[in-house]
Amino acid sequence: MTATLIAIALSLVSAVAYAAAAVAQERLAARSADTGMLRLLGAGAWWASVGLNAGAALLHVVALKYGTLTVVQPLGALTLVAAVPMGARVAGRKVTAAEWRGTALTLAGLAALLVTASGSAPDQVLSLTEALVVAGTTAALIGLLSRPGTKPGLRHATASGFASGVASALTQTVTVAATDRSGPALSLQVVLVAVLVAAFAVGGLLLSQTAYKGGLGAPLAVVTLSNPIAAAAIGLTLLGQGLRGGAAGVLLALAGGTVASWGVVLLTRVTPVSVVEVDEEHPVAAVLALKPETATPEPALVPRQPSDPGHLTPL
């Protein structure tokens, strides 16, 4: 099996794990929209999603050892493809025809990208200066996008995608440099860049948790698109990870990226159909449809004391 095929296989499993974590995060964020981060740290479900993200990230790191950023990062769009049936399953509904069309377009676009981006295992890394410049620029963008304001979901999702994409680019530098036998495994460059990777990875996770409070579809799509854009920009400009096929390869890659992006947009435009339709005229259905917070408080079941001794308490 070639290095590229290994990278693709690991990326597929990683995308499924990321999708499961995203669905879990969205459900947790929906149930605890007004809950602070300290309360989330005490929730077992949140730590389960963190575990899924950690496992997916580990697979992603290994994939970056065998494949270039231009191969591995676009496969992150498969996270949304996998999250669609998972989310439908959890919500108790069927995958719609529009969702299948979006999935098909996304897969077709990714296939075109893989044809042009396939290449040998990466061997070039960012210098310490380049890594610090990339980290500083990305931190400034994240600070701008995550500033206080209305409707933070998409802005936080964009910041999360940039943080995750840069973390992947820096991770590839750490992985390649640490496994290069010509130098020490734990050089100053490896240690400092590894610290930056941890910071951006944790920041991306927390930013995505904030973004999912507004729902899963659109924020996950923005994360899915902004992540490979950030990573591919670093790979193409600083790591020399070009595209195959010359001008035709560039055109095919642009077409594939456009098709995949349109598929992702279609997946986010789908409005889930409610599985249970309540007949408001039916008294039992009306009671079952009530939300817990709409119920009036029940009177305390304490017997009334008789006003006149010697008489029984009236029923």
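Just so it is clear, the model here is predicted, and its values are computed rather than measured.

Parameters and conventions
- Residues numbered from 1 in each chain as written.
- Predicted model: local features only at pLDDT ≥ 70, side-chain atom pairs only at ≥ 80, totals over all residues.
- Heavy atoms only, no water.
- Helix = DSSP H or I, 4+ residues; strand = E, 2+ residues; numbered from the N terminus.
- Buried < 20%, exposed > 50% of the residue type's maximum accessible area, 1.4 Å probe, protein only.
- Contact = heavy atoms within 4.5 Å.
- Areas by Shrake-Rupley, 256 points an atom, 1.4 Å probe, with all protein chains shown as cover.
- Axes fitted to C-alpha atoms, helices over the stretch in contact; angles between N-to-C directions.
- Parallel < 35°, antiparallel > 145°, perpendicular 65-115°, else oblique.
- Nonpolar A, V, L, I, M, F, W, Y, C, P; charged D, E, K, R; others polar.
- Patch = residues over 30% accessible without salt bridge, like charges linked within 9 Å, V, L, I, M, F, W, Y side chains within 5 Å.
- Salt bridge = Lys/Arg side-chain N within 4 Å of Asp/Glu carboxyl O.
- Core = buried A, V, L, I, M, F, W, Y, C linked by side-chain atoms within 4.5 Å.
- Left-handed = near helix turned anticlockwise from the far one by under 90°.
- Expected span 1.5 Å × (residues − 1).
- Arc of directions from axis to C-beta.
- pLDDT = per-residue confidence, 0-100.

### Notes on the overall build of the protein
Working step 1: In terms of helices and strands, the protein carries 12 helices and zero strands.
Working step 2: Secondary structure elements in the protein, listed N-terminal to C-terminal, are α-α-α-α-α-α-α-α-α-α-α-α.
Working step 3: When burial is assessed residue by residue, the protein has 39% of its 315 residues classed as buried.
Working step 4: Pairs at least 24 residues apart make up 82% of the contacts formed inside the protein by residues separated by at least 6 positions.
Working step 5: Carbon and sulfur atoms make up 68% of the accessible area of the protein, which totals about 17200 Å².

### Observations concerning the packing of helix α7 (residues 128–145) against helix α8 (residues 153–178)
Helix-helix packing is characterised by the crossing angle of the two axes and by the distance between the axes.
Working step 1: Interaxial distance between α7 and α8 falls to 9 Å at its minimum, and their mutual angle equals 170°. What the angle tells us is that α7 and α8 run roughly antiparallel. Within the contact between the two elements, α7 uses Ala131, Val134, Thr138, Ile142 and Leu145 and α8 uses Arg155, Thr158, Ala159, Phe162, Ala163, Val166 and Leu170.
Working step 2: Per-class residue counts for the contact of α7 with α8 are nine nonpolar, two polar and one charged.

### Looking at a nonpolar patch on the surface
Working step 1: Together, Leu236, Leu243, Val250, Leu251 and Leu254 line one region of the surface with nonpolar side chains, adding up to about 440 Å² of accessible area.
Working step 2: The element that contributes the greatest number of residues to the nonpolar patch is helix α11 (residues 246–269), accounting for three residues.
Working step 3: Among the secondary structure elements, leucine 251 is positioned in helix α11.
Working step 4: On the basis of relative accessible area, leucine 251 is assigned to the exposed category, the value being 58%.

### A few points about the side chain of serine 160
Working step 1: Looking at the element boundaries, serine 160 is found in helix α8.
Working step 2: Leave out the neighbours within four places in its chain, and serine 160 touches Gly204, Leu207, Ser208 and Val223.

### Structural notes on the nonpolar core
Working step 1: Grouped together as the largest cluster of nonpolar side chains are 29 residues, with contacts concentrated most on Leu69, Ile142, Val166, Leu170, Val193, Phe200 and Ile234.
Working step 2: Only α1 (3–31), α3 (44–66), α4 (69–72), α7, α8, α9 (188–211) and α10 (217–237) provide two or more residues apiece to this core.
Working step 3: Among residues more than four places away in sequence, those in contact with isoleucine 142 are Ala159, Ala163, Phe200 and Leu207.
Working step 4: By size, the runner-up hydrophobic cluster in this structure holds 23 residues, among which are Leu110, Leu114, Tyr212 and Leu220.

### Considering the packing of α8 against α9
Working step 1: Running from amino to carboxyl end, α8 crosses α9 at an angle of 155°, the nearest separation of the two axes being 8 Å. Classified by the angle between their axes, α8 and α9 sit roughly antiparallel to one another. Crossing angle aside, the handedness with which α8 passes α9 is left-handed.

### A few points about the environment of glycine 263
Working step 1: Relative to the helices and strands, glycine 263 resides in helix α11.
Working step 2: Overall, the relative accessible area of 0% leaves glycine 263 in the buried class.

### Digging into α7
Working step 1: Here α7 spans 26 Å end to end across 18 residues, near enough to the 26 Å set by a 1.5 Å rise per residue.
Working step 2: Burial in α7 covers these residues: Ala131, Val134, Ala135, Thr138, Ile142 and Leu145. Looking down the long axis of α7, one finds its buried residues gathered within 100° of arc, a one-sided arrangement. Those residues of α7 that are exposed and angled more than 90 degrees off the buried face are Thr129, Val133, Ala140 and Leu144.

### A closer look at α9
Working step 1: Taking 1.5 Å per residue as the helical rise, α9 with its 24 residues ought to reach 34 Å, and the 35 Å between its terminal C-alpha atoms agrees with that figure.
Working step 2: For α9, every residue scored as buried is listed here: Val190, Val193, Leu196, Val197, Phe200, Gly204, Leu205, Leu207, Ser208, Gln209 and Ala211.

### Details of the environment of leucine 80
Working step 1: Residue placement: leucine 80 occurs in helix α5 (residues 78–91).
Working step 2: With a relative accessible area of 4%, leucine 80 lands in the buried category.

### A short note on the confidence of the model for the protein
Working step 1: Averaged over every residue, the pLDDT of the protein is 75; the share at 70 or more is 72%.
Working step 2: The least confident element of the protein, judged by mean pLDDT, is helix α12 (residues 283–288) at 35; the most confident is α7 at 91.
Working step 3: Predicted confidence is poor over residues 273–296, with pLDDT under 50, and the contacts of this stretch with residues over four places away or in other chains come to 10 contacts.

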